[in-house]
2 protein chains.
Amino acid sequence: MAPLFRPNGYIAVLLLLLPSLDFVTGGKLLVIPMDGSHWLSMQPVLKQLNKNGHEIVVVAPEVNLLIKQSDDAFSLKTYPVPFTAEEMDENMRGFAKLPFEDVPFLVMVSNMKTKMKETADFFYSSCRHLLYNQELMTYLKQSDFDALLTDPFWPCGQIVAEYLGIPSVFFLLKIPCGYDSDAAQCPSPPSYVPRGFTKYSDHMTFVQRVKNMLFYFTEYFLCHFVYSPYGSLASEFLQKDMTVVELLSGGSVWLLREDFVFSYPKPLMPNMINIGGINCAWKKPLSQEFEAIVNNSGEHGIVVFSLGSMVSEIPMKKAMEIAEGLGTIPQTVLWRYTGEVPPNLAKNTKLVKWLPQNDLLAHPKTRAFITHAGSHGIYEGICNAVPMVLMPLFGDQMDNAKRVESRGAGVILNIIEMTAKDISNALQAVIYDKKYKENIQRLSELHLDRPIHPLDLAVHWVEFVMKHKGAAHLRPAAHDLNWVQYHSIDVIAFLLAVVLLALIISLKCCLFCCRKCCGKGGRVSKKSKSKSQ
Amino acid sequence: MAPLFRPNGYIAVLLLLLPSLDFVTGGKLLVIPMDGSHWLSMQPVLKQLNKNGHEIVVVAPEVNLLIKQSDDAFSLKTYPVPFTAEEMDENMRGFAKLPFEDVPFLVMVSNMKTKMKETADFFYSSCRHLLYNQELMTYLKQSDFDALLTDPFWPCGQIVAEYLGIPSVFFLLKIPCGYDSDAAQCPSPPSYVPRGFTKYSDHMTFVQRVKNMLFYFTEYFLCHFVYSPYGSLASEFLQKDMTVVELLSGGSVWLLREDFVFSYPKPLMPNMINIGGINCAWKKPLSQEFEAIVNNSGEHGIVVFSLGSMVSEIPMKKAMEIAEGLGTIPQTVLWRYTGEVPPNLAKNTKLVKWLPQNDLLAHPKTRAFITHAGSHGIYEGICNAVPMVLMPLFGDQMDNAKRVESRGAGVILNIIEMTAKDISNALQAVIYDKKYKENIQRLSELHLDRPIHPLDLAVHWVEFVMKHKGAAHLRPAAHDLNWVQYHSIDVIAFLLAVVLLALIISLKCCLFCCRKCCGKGGRVSKKSKSKSQ
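Counting restarts for each chain, with residues numbered from 1 along the sequence as it is written. Naming scheme: in the order in which they are written, chains are lettered from A and ligands are numbered from 1. Given that the model is predicted, a residue must reach a pLDDT of at least 70 before its local features are reported, and side-chain atom pairs must reach 80 or more before they are shown or counted; all residues, however, enter totals for whole chains, interfaces and linings. Each side-chain value is worked out from all heavy atoms of the structure, with water and hydrogens disregarded.

- Identification of chain A as UDP-glucuronosyltransferase from Pogona vitticeps is taken from an unreviewed UniProt entry.
- UniProt positions are given in the numbering used here, feature names are shortened, and annotations may be inferred rather than shown by experiment. Here is the UniProt Sequence similarities (unreviewed entry) comment for chain A, exactly as written: "Belongs to the UDP-glycosyltransferase family."
- Quoted verbatim from the Catalytic activity (unreviewed entry) heading of the UniProt record, the comment on chain A is "glucuronate acceptor + UDP-alpha-D-glucuronate = acceptor beta-D-glucuronoside + UDP + H(+)".

Written out as structure tokens, the structure reads:
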């Protein structure tokens, strides 16, 4: 025993132990997520990062929808906000009711804008209360994180990254109104890249291309009021003037929940990594309850129906219309619905408060998927090759639905106008018309034939940024140019000026020569005239 | 035994055998490679594809530099060409001599262009003799290939792909003069993407940006005479009018031997896959001969020196200058050189006819790499973190060298002007000034920290195109737009016309109103005037 008591002995033992202390190699990651489904798709990444030995701290407002301490993959730090859970729920319920209101278009737009402003105010207030929470910010500053993972749909995280002086990884589907491509300096030619909310495909008519171009300007009214306050807040908090685009241009890597079986092909930047379909990584065997329902569905199989976590209830008239439509098909329908039970609910339709969507879609007995066309649901439909009936409600869901329809993998229904017959017809189509299954099967095969799983890709790039303190070698020099320089307008103006100058000089020279010649001619003719006189 | 003679027995045995017949799942790949080092970097992909069970047929001219039947990973089909190996060697030797000629700039450009034309003629003639070789083309047509793998630096392969109606995968570093980005519809803003041969970085001054823009026009003279004949040949052979850019736009996937530790960050398209550093995949233990040399180099280690496979000899005066420079360092220098031995060769310098470059660079005793700055060598330098002395000779080598220098990982020498002292100084710098090693080490770490090896990535995408008959979902709609539409010039013109029309109408209305008012005023004043009179 004696040698162990000698200091050298201690050191030797410690040195022997070192290689087995895996956590020594692990880093520290700060996560400032976006609430709702955005948070759900980020969770598998955190779990994997935690498995790889990294310490993860998630920061979220005390009042939130889904960001809870569900397991020990991360530690959750919350901060107080000046609104209650009831107020937030009330706002969400109000928002979810909007798509079902049968009002004139302009009234609908106005209502939507009011509600968006209300929701945006919740998030903005939450951001202010994070940034000005001195205790929390001091803790974050002292924690010496290697990087920040955030969803820039809510640009608050990047302000924290700038404040802490750490690199950031963005995890998102998109930021509305092209803030993402602007901030990443990614070209997005309006001639074939349709703007959000237009419902256009990448093949546009002349009129559509004109409207797509004009949409650049209208987006100002759509998004400016939501996003520009974060530019002011960042400027105020960081004591450095910046717009929200400049703020977001600081992201080291953009993990985009996109895949070109679903999105239209368009340019990418080197620090944009497509991880579309990452949410399909969450797979579990069905619980006994669901397994029994699926197995009892017989040869006809099941239909999965969910309008997402935001829609808890539907006006009764509409719910009855839907219930009637669902009752016309021989399949068992699993409907995720927490509202009042429609009295005409058919025997084949089972209401559930929650359903394991991806696991049910993965079951071979699933024949169709009725969805609100949120991107998560659509990727789960694609991963599992289930044809879709799409009932888009708001935001990018109209665009998403159009993309699925344009690929022949689903049928769109207008939630306001649809009748029981429409629902029935749409379901019969996607279940019995082989082309829908064939098309979604083809998309699914293309989507799943990838060299590396999107989850591994996302984990790799977060670790890359943590390890290398960013990804400066992927940052285009375009960030260091202003708008005029980027578009070479100064160069073109200079070259035009040179050409113009050359033309003017040439013209002047010609005129001078002509005058000389004409002048001579004139004198000669005068002379000869005078001679002849 | 009896049951085996029954037909059902045969079928049963065949069915049992089927799962073990791996080749049933394998596809057929046609390869039309580019000669020289381009072919070498493609070979590991073919080997891996062959291991994966695919049948590979390589088509090459009878007279070529390096495309030989080296193993059974592929079968080689050659076709006769109207030139001899001696004529080709003579051309290559002439080409390789050019960089060492100390002549005025314009003479050098003129000599280079003459030699380029001569080389281009060899390739063009080879292409004609492939396309119009009826026997070979009939065999290819009947062989029912799944896809074609080709290096579009020599655009002949794509004409064959179009003729056979099969999808193609491009494997390349780049096509000069921006034909690659034009054909892939990849934006390449001249404000921060330097054109080839300019030696600019991605951070350009105003004057450099002007020159970079002007380079678009001069490229016409640099590359047009080499590439445009393939457009005419394709039009003639396929009986369909097309330019060479239109021809090359047919590529399904572009495997680019690029990585942003070396290239400047710029936009990519969804079907562009970066596989830079793929050539480092070839690793073997050193042979006894080389192992002995390296081990005998003592604490100082070795320097690897190669000017590539094209340069077989150097003018004696220059060779002696180099030999003198090499003699000043304590390291053992392994110089790949087949020319006449310089009489002043120092003891530390060993001439070899060939050397396992990547394996030597991978050895921990290697201190520096003297290279002509070909992209393969540079990637091997980066993979193995060896600082470089760069002696660019022609083509993209000047640009390559500048990139390494701009990242502080090497020193450039001018092959014409360099003295023994310059060579010695450059070597001393990269070996003993720590910053070079630190910089190349950092680049190497960034380059090697990737989620998947470039070889696996390349193999995946070739198999993807074979399996799915192309990659249509990655093809941007930009291909279906003309230049005016792509740049939205028609839309902008229309919108300007509308604005102009609105302005004119407003102006006319204003003028009309003014006239009305003034007219009235005029009448009133006249009236009042007459009244006052």
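Let's pick the thread back up.
Regarding the sheet that holds strand S6 (residues 253-256) of chain A
Residues and elements named next belong to chain A.
- Ordered by their spatial adjacency, seven strands build an open sheet running S3-S2-S1-S4-S5-S6-S7, and the pairing between neighbours is parallel. On the outer flanks of this sheet lie strand S3 (75-79) and strand S7 (272-274), each paired with one strand and no other. If you compare each strand with its neighbour and ignore which way they point, the axes differ by 20 degrees on average.
- Two strands pair if DSSP finds at least two bridges between them. Only DSSP runs of H or I with at least four residues qualify as helices, and only runs of E with at least two residues qualify as strands; both kinds are numbered from the N terminus onward. Here S6 runs beside S7; their pairing, made up of three bridges, is parallel. Looking at the pairing, Trp-254 lines up with Met-272 of S7.
- The strands touched by helix H7 (residues 156-164) are strand S1 (28-32), strand S4 (147-150) and strand S5 (168-172); relative to S4, the strand with the most contacts, the crossing angle is about 175 degrees. Fitting a line to C-alpha atoms yields each axis, with helices limited to the stretch in contact; the angle taken between N-to-C directions then spans 0 to 180 degrees. Residue contacts follow a heavy-atom distance rule, with two residues in contact if any of their heavy atoms lie within 4.5 Å.

Topic: the relation of the copies chain B and chain A
- Here the copies were fitted onto each other by least squares, based on C-alpha atoms from residues at pLDDT of at least 70 in both. Of the two same-sequence chains, chain B is brought onto chain A (RMSD 0.0 Å, axial shift 0.0 Å) by a rotation of 180 degrees. On this basis, the relationship between the two copies can be described by a two-fold rotation axis. Closest to the rotation axis within chain B is the C-alpha of Leu-268 of chain B, separated from it by 2.6 Å.
- Residue by residue, 100% of the interface of chain B is reproduced at the interface of chain A, so both copies engage with the same surface.

What to know about the interface of chain B and chain A
- The interface is formed by 49 residues belonging to chain B together with 49 residues belonging to chain A.
- Summed over both partners, the accessible area (1.4 Å probe) lost when two parts come together is defined as the buried area. Between chain B and chain A, a total of about 4100 Å² is buried, with carbon and sulfur atoms accounting for 71% of that surface.
- In terms of surface lost to chain A, no three residues of chain B exceed Asp-449, Pro-451 and His-473 of chain B, which account for 14% of the buried area on that side.
- In what follows, salt bridge is the name for a side-chain nitrogen of Lys or Arg lying within 4 Å of a carboxyl oxygen of Asp or Glu. Where chain B meets chain A, there are four salt bridges.
- Its salt-bridge partner being Asp-449 of chain A, residue Lys-467 of chain B comes within 3.9 Å of it at the nearest N-O pair.

A look at helix H14 (residues 375-383) of chain A
Residue and element names in this part refer to chain A.
- We call a residue buried when its accessible area falls under 20% of the maximum for its residue type, exposed when it is over 50%, and partly exposed in between, using a 1.4 Å probe and counting protein chains only. Summarising burial for H14: nine of the nine residues are buried, a large majority.
- Taken residue by residue, H14 has Ser-375, His-376, Gly-377, Ile-378, Tyr-379, Glu-380, Gly-381, Ile-382 and Cys-383 as its buried positions.
- Residues of H14 that are buried sit in contact with helix H3 (37-51), helix H13 (357-361), strand S11 (366-371), strand S12 (388-390), helix H15 (397-406) and helix H17 (434-448).
- Where H14 ends, the next residue or the one after it, Ala-385, has phi of about 55 degrees, a positive value.

A word on the UniProt feature "transmembrane region" (unreviewed entry) in chain A
- Taken from the UniProt record, the annotation "transmembrane region" (unreviewed entry) applies to residues 491-514 of chain A.
- Strand forms 0% of residues 491-514 of chain A and helix 100%; the C-alpha atoms that close the span are 34 Å apart.

A word on the packing of helix H6 (residues 134-142) of chain B against helix H7 (residues 156-164) of chain B
Residues and elements named next belong to chain B.
- Contact pair H6 / H7: the axes reach a minimum separation of 10 Å and the direction vectors enclose 55 degrees. With respect to H7, the axis of H6 lies oblique. In this structure, the crossing between H6 and H7 has a hand that is right-handed. On H7, the residues touching Met-137, Leu-140 and Lys-141 of H6 are Val-160, Tyr-163 and Leu-164.
- Residues are grouped as follows: nonpolar covers Ala, Val, Leu, Ile, Met, Phe, Trp, Tyr, Cys and Pro; charged covers Asp, Glu, Lys and Arg; every other residue, Gly included, is treated as polar. Tallied by class, the residues present in the contact of H6 with H7 amount to five nonpolar, no polar and one charged. By the definition adopted for this analysis, an angle is roughly parallel if under 35 degrees, roughly antiparallel if over 145, roughly perpendicular if from 65 to 115, and oblique otherwise. Helix crossings get a hand from a simple test, with the near helix turned counterclockwise from the far one by less than a right angle marking a left-handed crossing and a clockwise turn marking a right-handed one.

Focus on the domain arrangement of chain A
Residue and element names in this part refer to chain A.
- Start and end positions for the domains come from either an automated domain assignment or a database one. Each assigned domain of chain A is listed here: domain 1 (22-280 + 453-480) and domain 2 (283-432).
- Its C-alpha centre places domain 1 at a distance of 28 Å from the equivalent point of domain 2.
- Contact with domain 1, which involves 31 residues of that partner, is made by 31 residues of domain 2.
- Across the interface of domain 1 and domain 2, roughly 2800 Å² is buried in total on both sides, 64% from carbon and sulfur atoms.
- Broken down residue by residue, the surface that domain 1 buries against domain 2 is led by Phe-100, Phe-262 and Cys-280, which jointly contribute 30%.
- Where domain 1 touches domain 2, the interface holds zero salt bridges.
- Pairing of N or O atoms within 3.5 Å defines a polar contact, subject to two protein rules: one partner must be a possible hydrogen donor and the other a possible acceptor, and residues neighboring in sequence count only if both atoms are side-chain atoms. One can count 13 residue pairs in polar contact (both at pLDDT 80 or more) joining domain 1 with domain 2.
- For the side of domain 1 that touches domain 2, the secondary-structure elements that each account for two or more residues are H3 and helix H4 (85-97).

A closer look at the packing of helix H3 (residues 37-51) of chain B against helix H18 (residues 454-468) of chain B
Residue and element names in this part refer to chain B.
- Contact geometry of H3 with H18 gives a least axis separation of 10 Å together with a crossing angle of 60 degrees. Between H3 and H18, the angle falls in the class oblique. Judged by the twist between their axes, the crossing of H3 over H18 is right-handed. In contact with Pro-44, Val-45, Gln-48 and Leu-49 of H3, H18 contributes Leu-455, Ala-458, Val-459, Val-462 and Glu-463.
- Along the lines of polarity and charge, the residues of the contact of H3 with H18 split into seven nonpolar, one polar and one charged.

Some details on the pattern of salt bridges
All names here are of chain A.
- Taken as a whole, this structure holds 24 salt bridges over all chains when the rule is applied.
- Between Glu-118 and Lys-115 there is a salt bridge whose closest N-O contact spans 3.3 Å. Linking Glu-118 with Lys-115, this pair stays in helix H5 (residues 105-131), spanning three residues, or about one helical turn.
- On the basis of relative accessibility, which here comes to 16%, the residue Lys-115 falls in the buried class.

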